[in-house]
Each structure stands twice: as C-alpha cells, then as structure tokens.
Amino acid sequence: MSKRSLSGSPERADQPPAKRREISPDHPQPQSSSSRSPLPSHTVAYPSTKDAHGAAPVPFQQPTGLLTFSYTPQRVLQFNDSALRYYVDPPPGADLRYGYERWIKRPEERTRLDPLLRAVERVVQKADASAGPGSGAKWLRDIAVVTWRGIMTKILTAPYEERDRCELNAMYVDGTLYIEEHLSDGRLLEKEDLPAKQRLQTYYGYSFESWCTSSRPGVPERAEGHPIGWGGDVDTNVQWCSVIKTKLGDNRLVIGGEVDCVRERFIGRPDTFVELKTSMSIRNAGDEARFEKKLLKFYMQSFLLGVPEIVVGFRTPAGRLTTTQTFKTIQLPRLVRGKPGAWDPQVCLSWGQQFLSTLKALLSAESLAPAAEDGDTDAPEPSARVWRITLTPREGVQVSLLDEAGAQDAQGEEDRVGILPRWYWDQVAGKGASSSGHTSEVPPPSTSAVSLDTSHQGWNI
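All values derive from a computational prediction rather than experimental measurement.

Undergrad: I tried to follow the overall build of the protein on my own but got confused; where do I start?
TA: The helix and strand tally for the protein stands at 10 helices and 18 strands. Across the 461 residues that make up the protein, the buried fraction comes to 54%. For the protein, the exposed surface amounts to about 21200 Å²; the carbon and sulfur share of it is 50%.

Undergrad: Explain the sheet that holds strand E7 (residues 176-181) here, please?
TA: Within a sheet, neighbouring strands are paired by backbone hydrogen bonds and run either parallel or antiparallel to one another. Strand order in the open sheet formed by 10 strands is E1-E16-E15-E6-E7-E5-E10-E9-E2-E3, with mixed pairing between adjacent strands. The open sheet has two edge strands, strand E1 (41-44) and strand E3 (77-78), and neither has a second partner. Sheet topology note: the strand E2 (residues 64-71)/strand E9 (residues 239-248) ladder contains 7 bridges and is antiparallel. Along E9, the bridge assignment pairs tyrosine 71 with glutamine 239. Against the sheet, helix H3 (residues 149-157) contacts strand E5 (145-148), strand E6 (166-173), E7, E9, strand E10 (251-258) and strand E15 (387-392), and its axis sits at roughly 100 degrees relative to E5.

Undergrad: Help me understand the packing of aromatic side chains, please; the structure alone is not making it clear to me.
TA: The geometry of an aromatic ring pair is captured by two quantities: the separation of the ring centres and the angle between the planes. Applying the stated criterion across every chain, the model contains 22 aromatic pairs. Both rings, one in phenylalanine 69 and one in tyrosine 71, keep their centres 6.1 Å apart while their planes meet at 85 degrees; by these two values the pair is edge-to-face. In terms of burial, phenylalanine 69 and tyrosine 71 fall into one category: buried. Here the aromatic cluster, defined as three or more aromatic residues joined through ring pairs, consists of Phe60, Tyr299, Phe303 and Trp343. Across from the ring centre of tyrosine 71, 3.6 Å away, lies the NZ or CZ of arginine 75, which sits over that ring.

Undergrad: When you look at H3 in this model, what are you seeing that I'm missing?
TA: An α-helical turn contains 3.6 residues, so any two residues separated by three or four positions project in the same direction. Burial within H3 is extensive, with 7 of its 9 residues counted as buried. Listing the buried residues of H3 in full gives Arg149, Ile151, Met152, Thr153, Ile155, Leu156 and Thr157.

About the cut-offs
- Residues numbered from 1 in each chain as written.
- Predicted model: local features only at pLDDT ≥ 70, side-chain atom pairs only at ≥ 80, totals over all residues.
- Heavy atoms only, no water.
- Helix = DSSP H or I, 4+ residues; strand = E, 2+ residues; numbered from the N terminus.
- Buried < 20%, exposed > 50% of the residue type's maximum accessible area, 1.4 Å probe, protein only.
- Areas by Shrake-Rupley, 256 points an atom, 1.4 Å probe, with all protein chains shown as cover.
- Pairing = 2+ DSSP bridges.
- Contact = heavy atoms within 4.5 Å.
- Axes fitted to C-alpha atoms, helices over the stretch in contact; angles between N-to-C directions.
- Phe/Tyr/Trp six-rings, centres within 6.5 Å; stacked < 30°, edge-to-face > 60°.
- Lys NZ or Arg CZ within 6 Å of the ring centre and 35° of its normal.

Structure below.
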C-alpha cells in the first residue's frame with residue numbers, strides 16, 4: 001500500500017536557474033534590434049479569502065470513472081485492479097509503528113504524467129474503435145486539462161496556502177493543458193533525506209492504510225507471524241489508481257489519482273472509494289483549529305476524484321491509534337463554516353475556473369507567435385513550448401516561458417517533447433497539433449472571478 005503522490009522547489013545547485021523575465025504589458029522593455037525578444041511572463045493574483053461570500057458559484061460535475069490501473073511491487077503498470085484493497089475497521093489501539101523496519105520505500109523521482117497519458121491513450125483508442133477513426137482525437141480536443149489530482153489540489157487551494165511554494169511545468173497542445181509538478185534535483189534530495197522523526201511520521205500514514213485494508217471485503221487479514229488485521233508490510237511501489245473525467249465551470253478535466261481502498265465493492269464508479277488519513281489526537285482548541293485547516297486539502301483531494309468518504313485515524317505522538325472517525329466529503333465545509341479563518345470551497349472552485357481559463361487564454365495567444373525569431377532556429381515549435389507555473393503563498397501565480405536551458409532541465413535526459421513522452425507526442429498529442437497547424441485558440445478570460453448562472457451539479461456544497 002502506498003500514500004505516495006502521483007504528481008515549490010529550489011533550482012538545481014549544479015546549474016544556473018532557468019531564465020525567466022517578466023514583461024509589463026504597459027511598459028515593454030527596450031530592446032536592440034539585434035537582441036532576442038524577452039521571454040513572455042505573466043502574473044495572476046489570488047482572490048481575496050476574507051470575503052468568501054462574494055465568490056460566484058461555479059458548477060463542478062460529478063466525477064465519472066474512465067478506467068483504473070495498478071502498479072505491482074516490481075513497479076509494472078497494469079490496467080487491472082490487482083492492487084485494489086477493501087476497507088476494514090482497524091483494531092483498537094493499533095501500533096502505527098509496526099512494520100517500520102520492513103518498509104519498502106520507493107526512491108523519490110520526478111513526477112511525470114506518463115501513466116496517466118497511457119490511460120488517455122487507451123481512452124482515445126477505445127473511442128476510435130467504437131465511434132470511428134478520429135473520434136478519440138476529437139474527445140481529447142474537448143479536454144481542457146490533463147493532470148494528477150494532487151496538482152489540481154495545489155492549484156485550487158493556493159489562495160489559502162500559507163507556507164509551501166509550488167512549481168509546475170505545463171504544455172498547451174491542441175487545446176489541452178498538460179500540467180506536471182516540477183521537482184529539481186535539490187528538492188528530490190530533500191524529500192529523499194527526511195529527518196528521522198519526519199520519516200517515521202510519514203510512515204504512520206502508510207501503516208494506517210495497512211491496518212484499514214484487506215484483500216477481501218469485510219474480512220481482516222490473518223497473516224502468519226503478524227497481528228490480526230495487519231494488511232501487509234508497506235511497499236510504496238504498489239498503487240491502485242483511478243482516472244476520472246469531470247468539469248469545472250467550462251473546463252473539462254481528466255484527473256488521475258491514487259485510491260486507498262473501496263468499501264465492500266467496486267463496479268467502475270468512484271461512489272465506494274474511501275480516503276484514509278491520519279492526524280494527531282485533538283487535545284485542545286489549538287489542535288482543533290489546526291485540524292480544521294487540514295480539512296481543506298482532505299476535502300479537495302477527495303472531492304476532485306469523487307471519493308465520498310474520508311476515514312481519519314487519530315493517533316498519539318508515539319503512533320498509537322486512539323480512535324477513528326468517518327467524514328462525508330460533501331459535509332466537510334459545514335464543519336468549518338462560520339468559524340474564524342474558515343476556508344470556503346467556493347473560493348477555491350471560482351479561483352480554479354478563473355485561473356485555468358486565464359492560463360488557456362495566455363498560452364493559446366502565445367502559441368500563435370512565431371516559433372523562431374531573430375534567426376533562433378533552435379526555438380521549439382509553439383505546441384512544444386514548456387511553461388513554468390509558480391504558486392507563491394500570499395502573492396500569486398507567475399506563468400513564464402522557459403528558455404532552452406530551462407526546457408531541457410524540465411525534459412531531463414529522457415526521450416521527450418517538452419514534458420510529454422515521445423511516444424505520446426507521436427501517437428496522440430502531436431498528431432492533433434500538427435494537423436491543425438497551430439494549437440486551438442480560446443477567447444480571452446475575464447479578469448475578475450468568473451460568474452456563471454448555473455449552480456453546482458452533482459457535488460453539492
């Protein structure tokens with residue numbers, strides 16, 4: 001079992017940072033006729049979180065499952081449910097430190113979209129087979145964003161983020177945004193070499209998954225040499241993932257994410273999914289306030305993937321399980337409503353709709369610019385350009401086109417076109433971009449929060 005993320009970081013220490021220059025639309029920088037044009041850069045401000053009641057309702061479509069896939073202990077991708085687990089109640093007082101010495105931890109590495117793109121490829125092929133050639137490409141052109149659930153969570157909750165800076169890489173190909181997290185070598189090393197205490201606390205979450213899951217519905221595991229209810233030693237290579245389609249405002253999304261387990265059965269829909277979380281036992285008002293702040297990410301992670309319930313295991317500092325509590329995802333906002341500093345999902349969804357529409361408009365406009373200027377024959381084609389999205393707490397978002405060195409760093413020493421694997425570009429994405437001549441153009445967004453007449457559909461808040 002694994003709680004590993006499928007999705008801010010410092011620049012690599014062994015090379016200079018990727019060059020990004022900001023352009024003020026009202027005061028363009030002077031250039032000599034022989035110099036190259038500066039790289040485009042745009043800023044987007046966060047909405048205010050103090051007047052949450054002013055956020056316009058944005059419809060969010062009930063997520064629909066497209067397919068699922070598993071990763072084996074050997075880290076082999078399989079489009080089946082071999083890694084599916086079923087929820088069982090954990091034994092009272094379970095020791096979350098149990099099995100720590102046997103933990104198989106997958107090394108930290110750059111988070112790529114590749115498994116999700118394999119899933120998209122299968123959906124495109126299925127559409128072609130059932131509705132005729134070209135149907136899959138048409139379906140994909142209607143998708144605004146392809147990304148992991150963790151990345152969408154970071155985008156949507158950014159107005160409330162107070163600590164962690166986040167960097168993303170993005171490409172805009174034939175009307176679709178592909179977004180991955182950017183992790184530099186330095187950041188990867190930092191994540192790999194966690195302090196002993198933090199590493200143990202990370203393990204508590206994985207251990208809770210093991211105590212709460214079984215290979216059979218409703219039947220706790222009974223493995224020889226282990227306590228009753230122990231679901232198996234933790235191996236973060238193993239994952240069961242769901243790929244869903246949904247719609248935020250007028251942006252259609254394809255999102256992939258890991259699912260911890262299901263309750264009793266799985267018949268292809270997310271309505272039996274269960275998210276597992278751990279948190280320190282609440283001892284006072286301060287603990288309660290910190291827990292309620294954490295509920296925003298708990299909520300958004302589950303909401304995006306269509307997970308209807310979250311089971312939280314409360315523990316002691318030493319890792320002893322004290323109690324569990326089940327929360328209905330759609331009811332979480334009510335627990336904090338009206339309290340000082342409370343978060344509001346309407347702010348997140350309205351911001352998400354505004355930001356994604358703005359991002360599409362910016363990158364679409366830039367994609368119509370010439371591929372090379374001033375004799376720069378090495379410049380990438382517009383659809384292969386890589387953009388850096390930087391989410392800075394309390395400040396806003398900067399969207400910058402990466403120069404050649406920055407794009408090469410994002411690509412890594414792999415066979416890729418930008419951040420996309422070569423096989424996907426050749427078979428799926430690149431076909432649409434090359435056949436249309438340029439990427440799809442979208443109308444410019446409003447500079448204010450998007451206001452729609454429709455209310456939330458499917459997922460009511």
